[in-house]
Amino acid sequence: MMKKMSMSTSKTSLVLFLCQIISALDVPLDSKLLEELSQPPTITQQSPKDYIVDPRENIVIQCEAKGKPPPSFSWTRNGTHFDIDKDAQVTMKPNSGTLVINIMNGGKAEAYEGVYQCTARNERGAAVSNNIVIRPSRSPLWTKEKLEPNHVREGDSLVLHCRPPVGLPPPIIFWMDNAFQRLPQSERVSQGLNGDLYFSNVQPEDTREDYICYARFNHTQTIQQKQPISVKVFSMDSLNDTIAANLSDTDIYGAKPVTERQPVLLTPTGSTSTKVELRGNVLLLECIAAGLPTPVIRWIKEGGELPANRTFFENFKKTLKIIDVSEADSGNYKCIARNALGSVHHVISVTVKAAPYWITAPRNLVLSPGEDGTLICRANGSPKPSISWLANGVPIAIAPEDPSRKVDGDTIIFSHVQERSSAVYQCNASNEYGYLLANAFVNVLAEPPRILTPANKLYQVIADSPALLDCAYFGSPKPEIEWFKGVKGSILRGNEYVFHDNGTLEIPVAQKSNAGTYTCVARNELGKIQNEVQLEIKDPTMIIKQPEYKVIQRYGQVSFECIIKHDSTLLPTVTWLKDNDELPDDERFLVGKDNLTIMNVTDKDDGTYTCIVNTTLDSVSASAVLTVVAAPPTPAIIYARPNPPFDLELTGQLERSIDLSWIPGDENNSPITSFVVEFEDALHEPGVWRYQTEVPGTQTMAQLKLSPYVNYSFRVIAVNRIGRSQPSEPSEQYLTKSASPDENPANVQGIGSEPDNLVITWEPLKGFQSNGPGLQYKVSWRQKDVDDEWTSVIVANVSKYIVSGTPTFVPYEVKVQALNDLGYAPEPSEVIGHSGEDLPMVAPGNVQVHVINSTLAKVHWDPVPLKSVRGHLQGYKVYYWKVQSLSRRSRRHIEKKILTFRGNKTFGMLPGLEPYSSYKLNVRVVNGKGEGPASPDKVFKTPEGVPSSPSFLKITNPTLDSLTLEWGSPTHPNGVLTSYTLKFQPINNTHELGPLVEIRIPANESSLILKNLNYSTRYKFYFNAQTSVGSGSQITEEAVTIMDEAMASRQVDIATQGWFIGLMCAVALLILILLIVCFIRRNKGGKYPVKEKEDAHADPEIQPMKEDDGTFGEYSDAEDHKPLKKGSRTPSDRTVKKEDSDDSLVDYGEGVNGQFNEDGSFIGQYSGKKEKEPAEGNESSEAPSPVNAMNSFV
């Protein structure tokens, strides 16, 4: 084992510890930047500390490092400088520290055994590798020995020793025969950790002459073989015949029968032994015993449990394996070998020590000139390791002095560093079991600012979403960052921007107006640099017509729409999903530009369809459900649920199983797919049927598993595509015997209801789970991580037990075991619970408030130690309230607001604050019991904001050229008012606005008289207030100046004059007369040519036909093609014939004696008369009526 590392460089053993650059000055992981910055060496690759090499191949010892400038490399061998130039067999790779030792061309690996160490050095320091111990592997032959045959009596124990040669690394041992077949192993015959083959008792079948031990050396890929060992087993029946001539009657090999023997340990010997193992290693403990019958091995840990998830048993439980051991695994481990005749045990006292391991390893430190910093190196181990420091590979006590450096045990403190302070420091932590060593550099840089974000980088964001503009930078000292909009714009400030420490500018809600060029400027005392980026704001993508819920019959067609609106510069892609998965690969699914169509719909198409629209900047989606219903059924075949099974029979009755058979009922045109078996427990739950099992529809028998202490009845239900049948008639009853419980209660919990108790709850077993009468529960508990014995109590069949007098909120191990009159259930598993919570004891400390803007603040606090929370940490509550407004100095009713921050959060944002106000807040921790004490009240003030609009604006006292304005101060000044601004402009008769006039008014004024205005003119006024932050929202009003008095006296209301009223009446009368004359002339017209003939006839409805053309006479009317009103024509004697019908052709303007052609077509005035009629029916023979005249006019 490696001893404590010496401070001497020649004896130093280093373990490389590399970590990323983190310090007071962050260096971005930018490859171009890292290539430009000076950096001390860092070793990036090296060979392992214990390096076993193949003596037949070249030896490659790796050492790679990086740095700026690139480092040079040197080596030591066995503590002295190794001059590779003087050894022709040794070369160093170019631009590398890796050594190549040429063995294949005549070199001897043994000649290069030793301890090697690599140093990488540049102008900023030196880093060293770990000590690399080079050893060639060895695979020696077995020493020759004469092996006597083993003669063993049947039942005796036997050990076949392997004793392999000592190799490097140690060989792997296994036993085979002459046919290269592995010898079978069992609980009786097994191989020990030392390679020996152990027989707990020999049997006649163990006789053979080819027990061969093999040693495999992996490095040289060789296998060495021991001489075969012969074993001869004599049975009691053949002893007298085979050895009577050589043994006396009293010899041990007399004709005694094979006797059973109690166990005896073959290894380890004695009753106790000790074992030391290192933390993190694998602990292997072994016990192999002789005896007949073959003993069984069991392992326990005295005073504790074997660690769960890390404990394994090997070699038929003869080997106990615990991985990743820690100090908690120390203790006494007992192996117990037992057979029917007795037992024997052995106690192994295990002590776990620890080589050093890191608590805090030193980390690389990058500083600016004049800054401070620390390197911390903390390690633990058993025993406690010692800490020592080196600088550039030299013990720090003899290293060149650095006035900025001070060593304080495991810490190096740097103050006011300069560039010459750059170096690589090594921290060594050593104890008797090993050591750790880490390299950490201190790099002091003086660099002008650099901006790493590409120039003119384009950012595209969706409107109303955050915009983040990067300005990645580096410089030493750390540069200050400023942002400007545009090349010559003013510096950005205000509530609408958030400035991040990494240089990023955030616009929380980006609008179209925010688009443009932004300039980032970085400056420190060594220089200044700037960079421009571009911001584009895009319209959001929207689905303006979403898919809708559809119900469609099977084999129909359905279509879903998805119409979108998007920014013209973005290219959207539309994807359709079914039930959140890709659409089926089916030609029936047709995806169009704005829709999805499904042809020939089937039942499997039922589901939810989602339209997803993606652009490079945003994504939206909408879904709709498709329900597929059956088409109207074909009436030819009637499908129905099956009839219930019948004739149930129980056979093959056993304690835990029984066979049930039945005869199926009619399946009703739909094949039976399955049978469901249910049971009733008449003893515990009479009348309640529960599911037992389900079998395929082709099966009419089932073997059913049973529980003890249940009075079973069974019934069967048949199932087809249509549904389930009615249950069958119940089977006969079958009562099973009682037994101890098979299971323990579920959902065991331990939760305290008071600070001094633990409430243990569980779900009780159901009646049929009790397995027998007298069901009870054994409730056990003990405090976790304390060496307490279990406390147990047996309770009746309940579901809760309360443990009183417990400490507040400590973890407990809890278990609940079921038992009845016949015994206990299996050992239950343990659960972790907690005793009751109490209110937290301590308030959060170090409460700090950072005011971000006039309406938003950020509060920080230190977390409360978990022990003081005294319960499950729920989070923190921040109480805050407004004390007073700084502008009015008036107090009001205090309304406290509460914000809750879940979990172990140590900061939060306070929104909705009022500008220019004084606030108080405090913070309280919350657990499951409630809130803890409040922290001391913290006072903070919000800065000024812009005011609200003035409370009112009144315009009074209008004159020819003046108006008086009065106003009220803003309801919420949000600061100290500095002034008011009045703007006004005239409005002409076409509602056009004239020139705008602006007036600034002192803040203490409340009225103003505007003079020199135009008479009879409307003015529009805009009025707002200002604070030092800016202008508030404005209020508007309109008013009119009065007209000139002379003009007013001439302007009389003409509508009230008598002469005007008389004139209007005369005009109206004249218009009425003209209208009546026009109507009369329009309706009068001349007589028809047949008027005199018509007057001579008794019945004007009947007209003779002309013989020449077969038409009626020339009589026509303006309403020829419209139905005539009844009574519109009467005979000359002014009487009406009774036979006239309402539905006769007379009412439609045609004679009752109409003629027909030979083909039955009607001959009348429709045949040719129509084209001779006047276009307008203004020649009616009826006298004009005033009513008709008005109707015609209308």
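Parameters at a glance
Residues numbered from 1 in each chain as written. Predicted model: local features only at pLDDT ≥ 70, side-chain atom pairs only at ≥ 80, totals over all residues. Heavy atoms only, no water. Helix = DSSP H or I, 4+ residues; strand = E, 2+ residues; numbered from the N terminus. Buried < 20%, exposed > 50% of the residue type's maximum accessible area, 1.4 Å probe, protein only. Areas by Shrake-Rupley, 256 points an atom, 1.4 Å probe, with all protein chains shown as cover. Pairing = 2+ DSSP bridges. Axes fitted to C-alpha atoms, helices over the stretch in contact; angles between N-to-C directions. Patch = residues over 30% accessible without salt bridge, like charges linked within 9 Å, V, L, I, M, F, W, Y side chains within 5 Å. Salt bridge = Lys/Arg side-chain N within 4 Å of Asp/Glu carboxyl O. Contact = heavy atoms within 4.5 Å. Core = buried A, V, L, I, M, F, W, Y, C linked by side-chain atoms within 4.5 Å. pLDDT = per-residue confidence, 0-100. Disulfide = S-S within 2.5 Å. Polar contact = N/O pair within 3.5 Å; in protein donor to acceptor, adjacent residues only side chain to side chain. Phe/Tyr/Trp six-rings, centres within 6.5 Å; stacked < 30°, edge-to-face > 60°.

1. Some points on the overall build of the chain
When its secondary structure is counted, the chain shows 7 helices and 87 strands. Out of the 1194 residues belonging to the chain, those deemed buried represent 40%. Accessible surface computed for the chain: about 66,100 Å², of which carbon and sulfur atoms make up 51%.

2. What to know about the sheet that holds strand 48 (residues 550-553)
Sheet architecture is open: 5 strands sit in the order 48-56-55-51-52, paired in mixed fashion. At either margin of the open sheet sits one strand with a lone partner, and together these are strand 48 and strand 52 (581-582). Bridge count between strand 51 (residues 573-578) and strand 52: 2 bridges; the pairing is antiparallel. Within strand 52, the position partnered with Lys578 by the bridge is Asp581.

3. Things to note about the sheet that holds strand 39 (residues 457-462)
Reading across the sheet, the 4 strands line up as 39-46-45-42 and stay open at both edges, with mixed pairing between neighbours. Bordering the open sheet on either side are strand 39 and strand 42 (480-485), each of which pairs with just one other strand. Each strand axis lies, on average, 25° off the axis of its neighbour in the sheet, ignoring direction.

4. What about a nonpolar patch on the surface?
Taken together, the side chains of Trp1059, Leu1063, Met1064, Val1067, Ile1071 and Leu1075 present a nonpolar region at the surface, about 570 Å² in accessible area. Along the chain, the position of Ile1071 falls in helix 5 (residues 1058-1084). The partly exposed category is assigned to Ile1071, whose relative accessible area is 48%.

5. Description of the environment of Ala446
Mapping Ala446 onto the fold places it in the loop between strand 37 (434-444) and strand 38 (447-451). Contacts of Ala446, omitting those with residues within four sequence positions, involve Pro369, Glu419, Ser476 and Leu526.

6. Things to note about the environment of Phe73
In this fold, Phe73 is placed in strand 5 (residues 72-77). Counting along the chain gives 55 residues from Phe73 to Val128, while the straight-line C-alpha distance between them is 9.7 Å. Setting aside residues no more than four positions away along its own chain, Phe73 makes contact with Cys63, Glu64, Ala65, Met92, Ser96, Gly97, Cys118, Thr119 and Ala120.

7. What to know about the nonpolar core
The biggest cluster of nonpolar side chains holds 29 residues, and the ones touching the most others in it are Ile59, Ile61, Trp75, Ile101 and Tyr116. Elements supplying a minimum of two residues to this core: strand 3 (59-61), strand 4 (63-68), strand 5, strand 8 (99-101), strand 9 (114-122) and strand 11 (132-136). For this core, the leading source of residues is strand 9, giving 3 residues. Listed in part, the 20 residues of the second largest apolar core include Trp662, Phe679, Phe714 and Val716.

8. Thoughts on the confidence of the model for the chain
Mean pLDDT over the chain works out to 84, with 84% of the residues at or above the 70 mark. By mean pLDDT, strand 87 (residues 1162-1163) is the weakest element of the chain at 34, and strand 26 (residues 319-322) is the strongest at 96. Across residues 247-255, where pLDDT falls below 50, the model places 9 contacts with residues more than four positions away in sequence or in other chains. Across residues 1086-1194, where pLDDT falls below 50, the model places 96 contacts with residues more than four positions away in sequence or in other chains.

9. Here we look at the pairing of strand 60 (residues 685-696)
Where strand 59 (residues 674-681) lies against strand 60, 8 bridges are found, and the strand directions are antiparallel. Residue pairing across strands places Ser674 opposite Pro696, the latter belonging to strand 60. Hairpin remark: strand 59 followed by strand 60, antiparallel, with 3 residues in the connecting loop.

10. Observations regarding unusual backbone geometry
Note the cis peptide between Leu292 and Pro293, where omega equals 0°. Following the sequence through the fold, Pro293 ends up in the loop between strand 23 (288-292) and strand 24 (296-301). Cis peptide bonds are those with omega within 30 degrees of zero, and the linkage from Ser382 to Pro383 qualifies with 5°. The phi dihedral of Asp464 falls on the positive side, at around 70°, and the residue is not glycine. Tracing the backbone through its elements, the reader meets Asp464 in the loop between strand 39 and strand 40 (467-469). On the basis of relative accessible area, Asp464 is assigned to the exposed category, the value being 52%. Despite not being glycine, Asn1012 has its phi angle at roughly 60°, a positive value.

11. A look at the state of the cysteines
Should the sulfur atoms of two cysteines be covalently bonded, the bond is a disulfide. In this structure the tally under the stated criterion is 6 disulfides. At a sulfur-sulfur separation of 2.0 Å, the disulfide partner of Cys63 is Cys118. Handedness here is read from the sign of the S-S torsion; for Cys63 and Cys118, about -70°, the answer is left-handed. A residue pair is termed long-range when its members are at least 10 positions apart, and Cys63 in strand 4 and Cys118 in strand 9 qualify at 55 residues. Each of the two residues, Cys63 as well as Cys118, counts as buried. Two residues, Cys162 and Cys213, share a disulfide whose sulfurs are 1.9 Å apart. Taking the torsion about the S-S bond as the criterion, the Cys162 to Cys213 disulfide, at about -65°, is left-handed. Of this pair, Cys162 sits in the loop between strand 13 (158-160) and strand 14 (172-176) while Cys213 sits in strand 17 (residues 208-217), and the two are 51 residues apart along the sequence.

12. A few points about the environment of Tyr435
Its place among the elements puts Tyr435 in strand 37. With relative accessibility at 6%, the residue Tyr435 sits in the buried group. As for Tyr435 and Ile387, which are separated by 48 residues in sequence, their C-alpha atoms are 9.8 Å apart.

13. Regarding the pattern of salt bridges
Counted by the stated rule, this structure contains 37 salt bridges. Arg656 is paired through a salt bridge with Asp742; the nearest N and O atoms lie 3.0 Å apart. Of this pair, Arg656 sits in the loop between strand 57 (646-651) and strand 58 (657-663) while Asp742 sits in the loop between strand 63 (734-735) and strand 64 (746-751); the two residues are 86 residues apart in sequence, bridging distant segments of the chain. By relative accessible area, which is 38% here, Arg656 ends up partly exposed. Two residues, Arg715 and Glu678, come together in a salt bridge whose shortest N-O distance is 2.8 Å. Taken together, the residues Arg715 in strand 62 (residues 711-719) and Glu678 in strand 59 connect sequence positions 37 residues apart. For the pair shown, Arg715 and Glu678 are each scored as buried. In the salt-bridge network here, residues are joined through shared partners; they are Asp177, Arg208 and Asp210.

14. Some remarks on the side chain of Ser422
With respect to the secondary-structure elements, Ser422 resides in the loop between strand 35 (411-414) and strand 36 (423-431). With relative accessibility at 10%, the residue Ser422 sits in the buried group. Reaching out from Ser422, the side chain makes a polar contact with the backbone oxygen of Glu419 at a distance of 3.2 Å. In this structure the side chain of Ser422 is engaged in a polar contact, spanning 3.0 Å, whose partner is the backbone nitrogen of Val444.

15. A look at the packing of aromatic side chains
In total, this model carries 21 aromatic pairs according to the counting rule given. Taking 6.4 Å as the distance between ring centres and 40° as the angle between the ring planes, the aromatic pair formed by Tyr497 and Phe499 counts as tilted. Judged by its relative accessible area of 11%, Tyr497 is buried. A relative accessible area of 40% places Phe499 in the partly exposed class.

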